[in-house]
Amino acid sequence: MDLKAHIRQVPDFPKPGIQFYDVSTLLAHADAWQVTMGRLANAVRAQQPDVLVGIESRGFLVAAPLALKLGCGFVMVRKRGKLPGPTIRHEYALEYGTDTIEIQKDAITPGQRVVVLDDLLATGGTMAAAINLLRGVGAEVTGAAFIIELAFLNGRSKIDVPVTTLVSYDE
Ligand code: AMP
């Protein structure tokens, strides 16, 4: 199945000049979503994770069902101010704007093997920040996985663990 056929491209969102890759249409299509999860499961299983981490918010849509499928725990990396209790945070640059992510200090048992998921790899800043946070709480990060890669932004160069992506766009 060609997953690209199920990913909607929205020009000039959320601001002029940005081509937004919308996974809503992929999630809404039962067969395409099954295939997406199956392909990610095959790649991520090989990295033998104990825990899958999703990056808010579309990363949750990918990581939570995949964790259930692989029999792993699921942990959230969230935007600033959403998580209760002691947290650590990291500010980073987006393709559009800046953002801050947080994780609960006790979310990971030191030494746990973690694969981090998000819907899309653009500049890599979000994933690099998440990996930084996870190492800060003692995780052994064994991989990063995405549905979509914007290869022309070379986000892979910022990520120092094996990167899995299912579809790639060159412009
Ligand atoms: P980056 O940190 O630049 O790799 O940006 C990745 C994060 O921003 C992911 O959480 C994506 O969901 C979102 N994102 C960045 N660029 C786009 C885009 N062109 N289309 C859809 N989502 C995007």
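Residues numbered from 1 in each chain as written. Predicted model: local features only at pLDDT ≥ 70, side-chain atom pairs only at ≥ 80, totals over all residues. Heavy atoms only, no water.

**Comments concerning the environment of P65**
Stage number 1. Here P65 lies in helix 3 (residues 58-70).
Stage number 2. Between the alpha carbons of P65 and R39 there is a distance of 13 Å; along the sequence they are 26 residues apart.
Stage number 3. Ignoring sequence-local partners within four residues, the contact set of P65 consists of W33, M37 and F60. (Helix = DSSP H or I, 4+ residues; strand = E, 2+ residues; numbered from the N terminus. Contact = heavy atoms within 4.5 Å.)

**Considerations on helix 3**
Stage number 1. Between its terminal C-alpha atoms helix 3 stretches 19 Å, which fits the 18 Å expected from 13 residues at 1.5 Å a residue.
Stage number 2. Residues G59, F60, V62, A63, L66, A67 and L70 constitute the buried set of helix 3. Across the axial projection of helix 3, the buried residues extend over an arc of 165°, all falling on one side.
Stage number 3. Buried positions along helix 3 lie against helix 2 (30-45), strand 3 (51-55), strand 4 (73-79), strand 7 (113-121) and strand 8 (140-150).
Stage number 4. Immediately beyond the C-terminal end of helix 3, within one or two residues, lies G71, with a positive phi of roughly 75°. (Expected span 1.5 Å × (residues − 1). Buried < 20%, exposed > 50% of the residue type's maximum accessible area, 1.4 Å probe, protein only. Arc of directions from axis to C-beta.)

**Comments concerning helix 2**
Stage number 1. For helix 2, with 16 residues, the first-to-last C-alpha span of 22 Å sits near the 22 Å given by 1.5 Å per residue.
Stage number 2. For helix 2, the full list of buried residues reads A32, W33, T36, M37, L40, A41 and V44.
Stage number 3. If you follow the buried residues of helix 2, they end up packed against helix 1 (24-27), strand 3, helix 3, strand 7, strand 8 and strand 9 (163-169).

**Quick notes on unusual backbone geometry**
Stage number 1. In this structure, P14 follows F13 across a cis peptide bond, with omega equal to 0°.
Stage number 2. Secondary-structure assignment places P14 in the loop between strand 1 (8-11) and strand 2 (19-22).
Stage number 3. The linkage connecting E56 with the following residue, S57, adopts the cis geometry, with an omega of -10°.
Stage number 4. Within the element layout of this structure, S57 appears in the loop between strand 3 and helix 3.
Stage number 5. Backbone geometry at Q48 places phi at a positive 50°, although glycine is not the residue there.
Stage number 6. When you line up the elements, Q48 lands in the loop between helix 2 and strand 3.

**A closer look at the packing of aromatic side chains**
Stage number 1. Applying the stated criterion across every chain yields a total of three aromatic pairs.
Stage number 2. Between Y21 and Y169 the ring centres are 4.5 Å apart and the planes differ by 45°, which places this aromatic pair in the tilted class. Of this pair, Y21 sits in strand 2 while Y169 is found in strand 9, placing the two residues 148 residues apart along the sequence.
Stage number 3. The class of Y21 is buried, set by a relative accessible area of 4%. (Phe/Tyr/Trp six-rings, centres within 6.5 Å; stacked < 30°, edge-to-face > 60°.)

**Details of the pattern of salt bridges**
Stage number 1. What the rule picks out here adds up to eight salt bridges.
Stage number 2. In this structure, R8 and D22 form a salt bridge, with 2.9 Å as the shortest nitrogen-oxygen distance. Here R8 is found in strand 1, whereas its partner D22 is found in strand 2, with 14 residues between them in sequence.
Stage number 3. Judged by its relative accessible area of 42%, R8 is partly exposed.
Stage number 4. For D22, a relative accessible area of 12% translates into the label buried.
Stage number 5. Between D119 and R58 there is a salt bridge, and its shortest N-O distance comes to 2.5 Å. With D119 in strand 7 and R58 in helix 3, this pair connects stretches of sequence that are 61 residues apart. (Salt bridge = Lys/Arg side-chain N within 4 Å of Asp/Glu carboxyl O.)

**Description of the environment of Q104**
Stage number 1. Here Q104 lies in strand 6 (residues 98-104).
Stage number 2. Placed 64 residues apart in sequence, Q104 and L40 show a C-alpha to C-alpha distance of 26 Å.
Stage number 3. For Q104, the residues in contact, after removing those within four places along its chain, are L83, P84, P86, T87 and V137.

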